Amino acid sequence: MTPPSIPTRTDAAVTCGCGGIARITAVAPIPDRDERMRHTYHCPDCGKDLVFEVMKKGVG
């Protein structure tokens, strides 16, 4: 199964724009957005970090 290009809160991998698979490296709160978390993924194929704001569990 191919990972999504935009993650939900439970996705540990996403498809990078280069076609590689980026894996989650960090999850952090967003101080001014209580309902969201920042998920960071890293693609070993191109070296790019992908950052997404994801809804917290039980929100939305």
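Up top is the structure these notes are about.
Right, let's walk through the structure included here. (Residues numbered from 1 in each chain as written. Predicted model: local features only at pLDDT ≥ 70, side-chain atom pairs only at ≥ 80, totals over all residues. Heavy atoms only, no water.)

1. Here we look at the pairing of strand β3 (residues 36-42)
Consideration 1: One ladder, built from six bridges, connects strand β2 (residues 21-29) with β3; its direction is antiparallel. Looking at β3, one finds that I24 is bridged to Y41.
Consideration 2: With antiparallel pairing between neighbouring strands as the criterion, β2 and β3 make up a hairpin whose turn holds six residues.
Consideration 3: Pairing of β3 with strand β4 (residues 49-55), which is carried by seven bridges, proceeds in the antiparallel orientation. Bridge assignment links H42 to a residue of β4, and that residue is D49.
Consideration 4: Between β3 and β4, which pair antiparallel and follow one another directly, the connecting turn spans six residues, one of which, G47, has a positive phi of 85°. (Pairing = 2+ DSSP bridges. Helix = DSSP H or I, 4+ residues; strand = E, 2+ residues; numbered from the N terminus.)

2. Considering the pattern of salt bridges
Consideration 1: All told, the structure shown has four salt bridges when counted by the stated rule.
Consideration 2: Here E53 and R38 are joined by a salt bridge, their closest N and O atoms 3.6 Å apart. Here E53 is found in strand β4, whereas its partner R38 is found in strand β3, with 15 residues between them in sequence.
Consideration 3: Several salt bridges converge on common partners, so that one network encompasses R33, E35, R36, R38 and E53. (Salt bridge = Lys/Arg side-chain N within 4 Å of Asp/Glu carboxyl O.)

3. Focus on the packing of aromatic side chains
Consideration 1: Per the stated rule, a full pass over the model turns up one aromatic pair.
Consideration 2: Here the aromatic rings of Y41 and F52 are separated by 5.8 Å at their centres, their planes lie at 80°, and the arrangement is edge-to-face. Here the residue Y41 occupies a position in strand β3, and F52 occupies one in strand β4, the gap between them amounting to eleven residues. For the pair Y41 and F52, a shared accessibility class is recorded, and that class is buried. (Phe/Tyr/Trp six-rings, centres within 6.5 Å; stacked < 30°, edge-to-face > 60°. Buried < 20%, exposed > 50% of the residue type's maximum accessible area, 1.4 Å probe, protein only.)

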